[in-house]
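Breakdown of the fold
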Amino acid sequence: MPETMRARLVHTRATAPDAVCTAAASRPRGPELARRGRFLLIAADHPARASLTVRGRANAMADRVDLLDRLLVALSRPGVAGVLGTADILEDLLLLDALAGKVVVGSMNRGGVPGTVFEIDDRFTAYDADTITAMGFDAGKMLLRIDPDDPATAGALERCAQAVSALAARQLVSMVEPFWVRRDAAGGRVNDLSTDAVIRSVAVAQALGSRSAYTWLKLPVVDDMPRVLAATTLPVVLLGGDPHGDPDRTYAAWQRALTDESVRGLVVGRALLYPPDDDVAAAVDTAVGLL
C-alpha cells in the first residue's frame, strides 16, 4: 500500500527532524520581492489562530492533509509566487518540496486568538526575525489590531514596531496587516472596515519601527480604496479575508484596487483555497489573471 502524505510527514518529523533545516538550506531561491512584478501569494496562517471556518463551513481548515493538498494545487499553478504561513505549515511544504523558487513569508504573531480575553494582547508566538533569516525566507508578516478600548493595544503596537525594526535590520520585508477594531452589540471585537477606519490603521502601521524602508502594508479591500491608498507611499498587497457572497464580485473588487500603482499584488488564502465549487486551480487561475 502506498505511503500516505500524512504518514510520510509524521515519520520524517519523528525520526529526522533535521530534514526541515536541510530542505530549507537546499531550497532554490527565486527573485526577491523587490524584483518581482505583481504577484499572488497564498495565505495559510489562519489555523494558528483557530480560525478554521470558511464560508460558514465550520472546521473547513481543520483537516491538515486536505489543507496541504489544496496548497500543493495552488502552489503548482502558473503565476503563483509563494506562500505565507506559520512554521508547522511551511515546514510541511518544505518536506514536500513545494517551495522551490517560491517567495516564503513567515507569519509572526499568532497569539491573539479570536474570542479570548487576550485577543488584542497579540504575542509573537510564531516566527521571529532570526529564524526567518536562518530559513532563507523573504519576509515576516504581522497582524496589528488597534482597539481604542483595550490597553493591551499599546503592547501590541510596541511588539510590532520591534519586529519591523528587527526585520529591517536584516533587510527583510515586513508585511504589516493593520485593523482598527470596534465592539459589536454583544461586546465582541470586530474589524472596522469603513474607509476612515482603514485610513487610521494605515497611519499608525506605516510609522512603526525605527526604519520604514522594508515595510509593506497588507490591507483589506474596502469601498473607497483610492482614499485608502492615498494615505501611504509604502508598497501595498491586498488581502482576501473571510470570503462571503459571490466570488465574481470579490474578484471585481480586487481588480479595481489593482489599478493603483502602489498595489504590488494579492495575498489571499481562504477565498482561493476553499472556493464554493472546490475547484482550487480555477480560483487561483482567476486571481492570477487579475494581475
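Report on the accompanying structure. Computed from a prediction, not measured in an experiment: that's the story for all the values here.

Side note on the packing of helix α1 (residues 5-15) against helix α3 (residues 64-76)
Where α1 contacts α3, the axes come no closer than 10 Å and their chain directions differ by 100°. Regarding the angle of α1 to α3, the classification is roughly perpendicular. Residue-level contacts link Met5, Arg6 and Leu9 of α1 to Val65, Leu68, Asp69 and Leu72 of α3. Looking at the contact of α1 with α3, its residues break down into five nonpolar, no polar and two charged.

Let's talk about the nonpolar core
Grouped together as the largest cluster of nonpolar side chains are 74 residues, with contacts concentrated most on Leu40, Leu71, Leu93, Trp254 and Leu272. Setting aside residues no more than four positions away along its own chain, Leu93 makes contact with Leu68, Leu71, Leu72, Leu75, Val83, Ala98 and Leu99. Formed by 14 residues, the second largest nonpolar core is a distinct cluster that contains Leu41, Ala139, Trp216 and Val267.

Details of the environment of Leu217
Mapping Leu217 onto the fold places it in strand β7 (residues 215-219). Exposure remark for Leu217: the relative accessible area of 0% places this residue in the buried category. For the pair formed by Leu217 and Pro235, sequence separation is 18 residues and the distance between their alpha carbons is 6.4 Å. Leu217 has contacts with Val176, Val202, Ala205, Gln206, Thr232, Leu234, Pro235, Val236 and Val237, leaving out every residue within four places of it along the chain.

Some words on the pattern of salt bridges
All chains considered together, the criterion is met by 22 salt bridges. A salt bridge links Asp285 to Arg77; its shortest N-O distance comes to 2.7 Å. Of this pair, Asp285 sits in helix α11 (residues 280-290) while Arg77 sits in the loop between α3 and β2 (80-85), and the two are 208 residues apart along the sequence. In this structure, the salt-bridge partner of Glu177 is Lys218, at a minimum N-O distance of 2.8 Å.

Describing helix α6 (residues 152-169)
An ideal rise of 1.5 Å per residue puts 26 Å on 18 residues; α6 measures up with 26 Å between its terminal C-alpha atoms. When α6 is considered as a whole, its buried residues turn out to be Thr153, Gly155, Ala156, Cys160, Ala161, Ala163, Val164, Leu167 and Ala168. Here the buried face of α6 lies against α5 (129-134), β4 (139-146), β5 (173-183) and β7. Taken from the residues just after α6, Gln171 is the one with a positive phi, measuring 55°.

About the criteria used
In this numbering scheme, every chain counts its residues from 1 along its sequence in written order. Owing to the predicted nature of the model, reporting of local features is limited to residues with pLDDT of at least 70; listing and counting of side-chain atom pairs is limited to 80 or more, with chain, interface and lining totals taken over all residues. Here the side-chain values reflect all heavy atoms present in the structure, with hydrogen atoms and water set aside. Angular values range over 0 to 180 degrees, each being the angle between N-to-C directions of two axes fitted as lines to C-alpha atoms, with helices fitted over their stretch in contact. Secondary structure elements follow DSSP: runs of H or I of four or more residues count as helices, runs of E of two or more count as strands, with numbering from the N terminus. For this classification, under 35 degrees means roughly parallel, over 145 means roughly antiparallel, 65 to 115 means roughly perpendicular, and everything else is oblique. Throughout, a residue-residue contact means that at least one pair of heavy atoms, one from each residue, lies within 4.5 Å. Amino acids are sorted into nonpolar (Ala, Val, Leu, Ile, Met, Phe, Trp, Tyr, Cys and Pro), charged (Asp, Glu, Lys and Arg) and polar (every other residue, Gly among them). The criterion is simple. A nonpolar core is a set of buried Ala, Val, Leu, Ile, Met, Phe, Trp, Tyr and Cys residues joined through side-chain atoms within 4.5 Å. Relative accessibility under 20% of the residue-type maximum defines a buried residue, over 50% an exposed one, and the middle range a partly exposed one, all with a 1.4 Å probe and only protein chains included. When a carboxyl oxygen of Asp or Glu lies within 4 Å of a side-chain nitrogen of Lys or Arg, that pair is called a salt bridge. Expected span of a helix: the number of residues minus one, times 1.5 Å.

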